[in-house]
Amino acid sequence: MILITGGSGFIGSNLANYFISKGYDVTVFDNLSSGKVENLTSNLNKRNFNLIRGDVRDKEFINSSMKGVEEVYHLAADPSVKDSATNPEGSFRINVDGTFNVLEAARKNDVKKIVFTSSSTVYGETKVLPTPEEHPEIPISNYAASKVAGEVYISSYASTYGIKGVVLRLANIFGPPSAHGVMYDFYKKLLADPQKLEILGDGKQSKSYLYISDCIDAIVLASSKQKKVYDYFNVGSAEMTTVDEVAKSMCSVLGIKPKFEHTGGKRGWTGDVVKMLLSTEKIEKLGWKKKVSLKEGVKRYIEWLKTAE
Ligand SMILES: NC(=O)c1ccc[n+]([C@@H]2O[C@H](COP(=O)([O-])OP(=O)(O)OC[C@H]3O[C@@H](n4cnc5c(N)ncnc54)[C@H](O)[C@@H]3O)[C@@H](O)[C@H]2O)c1
């Protein structure tokens, strides 16, 4: 049986829907703080699917929910860099304590493998682009620090207790049913006023964006193919796109020409990494390849956003 924490959120629900469609027994463990049951509706009545409303901060409950589980995909987190600056303790309790509770539950229940969604932000502000996995992790946000903490505990549990650990350092992932991130933010603003678009920072922040189906392919592949007791992989696209270019691409799909209004400064928010490009050679060696271009991904996401209104 597979247990997916955060399995009703954006990436987690895509992963849960994938495994359920392949016939695996899947339990989603989620406190529904940002995740939605609607993201899993196609599977609500399937016999191989179970939804537990629970919080990873509740160590007794996560422990009792892991009985009979063989593999854990740990995605539950507060994914907001901004929140981690304004509420560092809240972010720490979910992302660090929560991950520790998940690992302890895994150890006590003889779980064989844990797959963890880390982040490109762990590298901080580096001049080495594309950034390879062996680059030092020097976080510039509390969120990134919490992901480094999760990674090193997974490495330690792999070595100490033989629980296989797989870490995926994800770039900016977008697509349905995401309800956060730069594209979602732009869409909401443009819906409210198609004449102008407020862009946080100077619009020149340059990052790698990856469509959700390519991200799910990478998680599934790394989980099934990697041989070591612990390993870690970057997951992203090979090109950097500026925030202004993301806005232009969305406006072109929507057929509108708003005035861009930049709030100024090189960062969009505290802890924002202004240039991010991951080297993906390592996961490509396992057989992963990006399939969806940014243009195509933006088109698909906007089509979905229109129907989700
Ligand atoms: N989306 C991205 O671009 C991106 C990039 C890098 C890493 N990640 C990581 O991938 C994972 C999934 O991100 P997402 O974009 O799907 O975010 P999301 O907010 O859509 O999903 C997070 C899920 O975790 C649940 N959750 C939050 N706190 C919880 C708690 N205390 N107990 C149980 N469940 C809880 C939420 O209800 C939600 O369903 C996160 O770990 C995030 O840090 C995401």
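What you see is a predicted model, and the numbers here were worked out from it, not measured in a lab. (Residues numbered from 1 in each chain as written. Predicted model: local features only at pLDDT ≥ 70, side-chain atom pairs only at ≥ 80, totals over all residues.)

### Focus: the overall build of the protein chain
Here comes step 1: A count of helical and extended segments in the protein chain gives ten helices and 13 strands.
Here comes step 2: Counting over 309 residues, the protein chain shows a buried share of 42%.
Here comes step 3: Partitioning the contacts of the protein chain with sequence separation of at least 6, the portion at a separation of at least 24 is 79%. (Helix = DSSP H or I, 4+ residues; strand = E, 2+ residues; numbered from the N terminus. Buried ≥ 20, exposed ≤ 12 C-beta atoms within 10 Å, placed from the backbone. Contact = placed C-beta atoms within 7 Å.)

### Side note on unusual backbone geometry
Here comes step 1: For the bond running from Leu-129 to Pro-130, omega is -5 degrees, close enough to zero to count as cis.
Here comes step 2: Summarising the element assignment, Pro-130 is placed in the loop between β5 (113–119) and α5 (142–161).
Here comes step 3: In this structure, Pro-177 follows Pro-176 across a cis peptide bond, with omega equal to -5 degrees.
Here comes step 4: Among the secondary structure elements, Pro-177 is positioned in the loop between β7 (172–174) and α6 (182–192).
Here comes step 5: One non-glycine residue, Leu-32, lies in the positive phi region at around 60 degrees.
Here comes step 6: With respect to the helices and strands, the residue Leu-32 is situated in the loop between β2 (26–30) and β3 (49–53).
Here comes step 7: In this model, Asp-110 sits at a positive phi of 55 degrees, which is unusual for a non-glycine residue.

### Examining the site of the ligand
Here comes step 1: Around the ligand, the structure places 29 residues, and the nearest of them are Gly-6, Gly-9, Phe-10, Gly-35 and Ala-77.
Here comes step 2: Secondary-structure elements contributing two or more residues to the shell around the ligand are α1 (10–21), α4 (88–108), β5 and β7.
Here comes step 3: Among the residues making up the shell around the ligand, the classes are represented as eleven nonpolar, 14 polar and four charged. (Near = placed C-beta within 6 Å. Nonpolar A, V, L, I, M, F, W, Y, C, P; charged D, E, K, R; others polar.)

### Remarks on the sheet that holds strand β1 (residues 2–5)
Here comes step 1: Spatial ordering of the open sheet is given by β3-β2-β1-β4-β5-β6-β11, a layout of seven strands whose pairing is parallel. At either end of the open sheet lies a strand with only one pairing partner, and these are β3 and β11 (230–235). Ignoring which end each strand starts from, the neighbouring axes of this sheet average 15 degrees apart.
Here comes step 2: Lying on the sheet, α4 is in contact with β1, β4 (71–74) and β5; it crosses β4 at an angle near 180 degrees.
Here comes step 3: Along the sheet, helix α7 (residues 212–225) contacts β5, β6 (164–170) and β11; its crossing angle with β6, the most-contacted strand, is approximately 155 degrees. (Pairing = 2+ DSSP bridges. Axes fitted to C-alpha atoms, helices over the stretch in contact; angles between N-to-C directions.)

### A few points about the domain arrangement of the protein chain
Here comes step 1: When its domains are assigned, the protein chain resolves into domain 1 (2–173 + 209–235) and domain 2 (175–207 + 238–278 + 287–308).
Here comes step 2: Just the C-alpha atoms count here: the centres of domain 1 and domain 2 sit 24 Å apart.
Here comes step 3: With 31 residues of domain 1 at the interface, the matching set in domain 2 holds 24 residues.
Here comes step 4: Mapped by element, the contributors of at least two residues to the side of domain 1 that touches domain 2 are α1, α3 (81–86), β10 (209–211) and α7.
Here comes step 5: Here the element with the most residues in the side of domain 1 that touches domain 2 is α7; it accounts for seven residues.
Here comes step 6: Across the side of domain 1 that touches domain 2, the residue classes break down as 14 nonpolar, eleven polar and six charged. (Domains from an automatic or database assignment.)

### Notes on the nonpolar core
Here comes step 1: Ile-4, Ala-106, Ile-114, Leu-168, Cys-215 and Val-235 are the most contacted members of the largest nonpolar core, which totals 69 residues.
Here comes step 2: Viewed by domain, this core spans two of them, domain 1 (2–173 + 209–235) and domain 2 (175–207 + 238–278 + 287–308), each represented by three or more residues.
Here comes step 3: With residues near it in sequence (within four places) discarded, Ile-114 still touches Val-72, His-74, Leu-103, Ala-106, Ile-154, Ile-163 and Gly-165.
Here comes step 4: Core analysis: the second largest hydrophobic core is formed by six residues, Val-122, Tyr-143, Ala-144 and Ala-145 among them. (Core = buried A, V, L, I, M, F, W, Y, C linked by C-beta atoms within 7 Å.)

### A word on the pairing of β2
Here comes step 1: Counting buried residues along β2, five of its five residues qualify, which places the element largely inside the surrounding structure.
Here comes step 2: Side chains Val-26, Val-28 and Asp-30 of β2 all project onto a buried face; the interleaved residues Thr-27 and Phe-29 project onto the opposite face, where all are buried too.
Here comes step 3: Judged from the four bridges that link them, β1 and β2 form a sheet pairing that is parallel. Directly across from Ile-4, in β2, lies its bridge partner Val-28.

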